[in-house]
Amino acid sequence: ELSPAVNFALRISFYCLLCVVSSALTAPVCLLVNGGRTVKNMRIIKTVVKTFKYFFGLRFEVKGLENFKVEGPAIIVSNHQSILDMMGLMEVLPDDCVQVGKKELMYTGSVGLIIYLGGVIFINRKSTTSAKMVMAEVAKTMTTENVKVWVYPEGTRNCTGDLLPFKKGAFHLAVQAQVPVIPVVYSSFTTFYNPKKNLFTSGKIKVEVLPPIETKGLTSDDVSDLTDRCFRTMRETLFRLSGHPSEAKESS
Ligand SMILES: CCCCCCCCCCCCCCC(=O)SCCNC(=O)CCNC(=O)[C@H](O)C(C)(C)COP(=O)(O)OP(=O)(O)OC[C@H]1O[C@@H](n2cnc3c(N)ncnc32)[C@H](O)[C@@H]1OP(=O)(O)O
Ligand SMILES: CCCCCCCC/C=C\CCCCCCCC(=O)OC[C@@H](O)COP(=O)(O)O
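Residues numbered from 1 in each chain as written. Chains lettered and ligands numbered in written order. Predicted model: local features only at pLDDT ≥ 70, side-chain atom pairs only at ≥ 80, totals over all residues. Heavy atoms only, no water.

Below, the discussion takes up a nonpolar patch on the surface. Where nonpolar side chains cluster on the molecular surface, the patch consists of Met106, Tyr107, Leu113 and Tyr116 and spans about 410 Å² of accessible area. Within the secondary structure, methionine 106 sits in the loop between strand S3 (97–102) and helix H5 (110–117). Here methionine 106 falls in the partly exposed class, since its relative accessible area comes to 32%. (Patch = residues over 30% accessible without salt bridge, like charges linked within 9 Å, V, L, I, M, F, W, Y side chains within 5 Å. Areas by Shrake-Rupley, 256 points an atom, 1.4 Å probe, with all protein chains shown as cover. Salt bridge = Lys/Arg side-chain N within 4 Å of Asp/Glu carboxyl O. Helix = DSSP H or I, 4+ residues; strand = E, 2+ residues; numbered from the N terminus. Buried < 20%, exposed > 50% of the residue type's maximum accessible area, 1.4 Å probe, protein only.)

Below, the structure written as structure tokens:
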């Protein structure tokens, strides 16, 4: 019987190896099929990544996919718990949707290459000015190229079972492009995944795509309210999906 620490390290290493090897094998396919960096590669990447859950005994229960069916572009915002989120992302990712990621991801070898080929938008989190410039450019191109953009508004991974305060970039982007915000919430991983306790077992993840929040007519003055509204809705949903004790009491 392996100790929990060894077992955890082995499972995480296997996950990373799977990402590295699959990326190395998928990158040439993307290049052959689509010729270079394009969001179309995400369809190929998605097909590969959707098989990963079977290796780890993870199950996804998805509700509200119909909420993605908005006409034209949108900003999708979701909670970010772990590097495992990549599986949950690919489970529901709509076509023609790119993600915003930290630029450090570009330097992860084959994984960086596949992320680059998939059209991920890289931002420098250490420079608000340059991040804002990149986001403003995205606001323009998402309309002309008709793509959706997926942002993790917490800006970093957080596996506490709660949300970190939201950064405002995603909501500025939505208002600048006058496109709806679609929140997506994943139930807390804490029952089956906790790096501090060396816990990583099989488990079920509930996912809910919430109704789009319109931003037509909103200006930069409304960004804070929009951010708060999304935060509150997503936090309530997170607690409901995760069976949070205080929420469970309130709703019973
Ligand atoms: C085959 C197997 C292969 C595997 C392949 C898998 C592929 C999957 C790819 C998955 C990629 C996932 C990547 C995930 C990540 O990397 S998450 C981390 C990076 N993402 C983010 O950080 C996004 C969220 N962050 C933001 O939106 C921030 O707001 C940011 C733009 C980065 C700026 O950060 P910061 O300075 O910390 O921000 P604040 O929000 O506090 O803003 C400061 C003030 O500036 C104002 N602001 C912000 N943005 C804008 C804007 N666009 N226009 C105008 N003004 C803006 C903001 O309002 C603040 O001012 P006030 O306080 O309101 O006065
Ligand atoms: C051949 C060279 C090998 C290099 C090693 C590469 C190892 C890569 C291992 C695993 C890849 C996991 C999938 C990556 C996609 C998930 C993106 C992600 O979750 O990034 C974290 C970022 O959102 C927030 O960063 P921080 O929480 O602030 O930090």
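Anyway, onward from the coordinates.
Our next topic: the layout of surface pockets. Roughly 1,400 Å³ of volume is contained in the largest pocket. In terms of lining, the largest pocket is formed by 50 residues, of which the most central are Val100, Gly101, Lys102, Leu105 and Tyr152. Of all the secondary structure elements, the ones that give two or more residues to the lining of the largest pocket are helix H1 (4–34), helix H2 (41–49), helix H4 (85–92), S3, H5, helix H6 (128–144) and helix H7 (169–177). Here the lining of the largest pocket gets 7 residues from one element, more than from any other, and that element is H1. Class assignment of the residues belonging to the lining of the largest pocket gives a composition of 28 nonpolar, 15 polar and 7 charged. Here the second largest pocket defines a volume of roughly 260 Å³. (1 Å grid on protein atoms, 1.4 Å probe; cavity = no way out; pocket = protein on both sides within 12 Å on 5 of 7 lines; lining within 4 Å. Points joined across faces, edges and corners; volume = space filled by probe spheres on them. Nonpolar A, V, L, I, M, F, W, Y, C, P; charged D, E, K, R; others polar.)

Two elements in contact, H2 and H4, have axes whose closest approach is 9 Å; the angle formed by their N-to-C orientations is 120 degrees. Comparing their axes, H4 and H2 come out oblique. Pair H2 / H4 crosses with left-handed handedness. Contact residues: H2 offers Met42, Ile45, Lys46 and Val49, while H4 offers Met86, Met87 and Met90. Of the residues that constitute the contact of H2 with H4, the class distribution is 6 nonpolar, no polar and 1 charged. (Axes fitted to C-alpha atoms, helices over the stretch in contact; angles between N-to-C directions. Parallel < 35°, antiparallel > 145°, perpendicular 65-115°, else oblique. Left-handed = near helix turned anticlockwise from the far one by under 90°. Contact = heavy atoms within 4.5 Å.)

If you walk through the whole model with that rule in mind, you get 2 cavities of 30 Å³ or more. The volume enclosed by the largest cavity comes to roughly 40 Å³. Of the residues assigned to the lining of the largest cavity, the class counts are 2 nonpolar, 5 polar and 2 charged. Reported here for the second largest cavity is a volume of approximately 40 Å³. Looking at the second largest cavity, the residues that line it are Val39, Met42, Arg43, Lys46, Leu93, Pro94, Asp95, Asp96 and Cys97. When residues in the lining of the second largest cavity are grouped by element, the largest group, 3 residues, is from H2. Taken together, the residues that form the lining of the second largest cavity break down as 5 nonpolar, no polar and 4 charged.

All right, on to H4 then. Burial analysis of H4 places 7 of its 8 residues in the buried class, the great majority of the element. For H4, the full list of buried residues reads Asp85, Met87, Gly88, Leu89, Met90, Glu91 and Val92.

What follows is about the packing of H6 against H7. H7 packs onto H6 with a crossing angle of 45 degrees between their chain directions and a minimal axis gap of 9 Å. Classified by the angle between their axes, H6 and H7 sit oblique to one another. Handedness of the crossing formed by H6 with H7: right-handed. Touching Met135, Ala136, Val138, Ala139, Met142 and Thr143 of H6 are Gly169, Ala170, Leu173, Gln176 and Ala177, all from H7.

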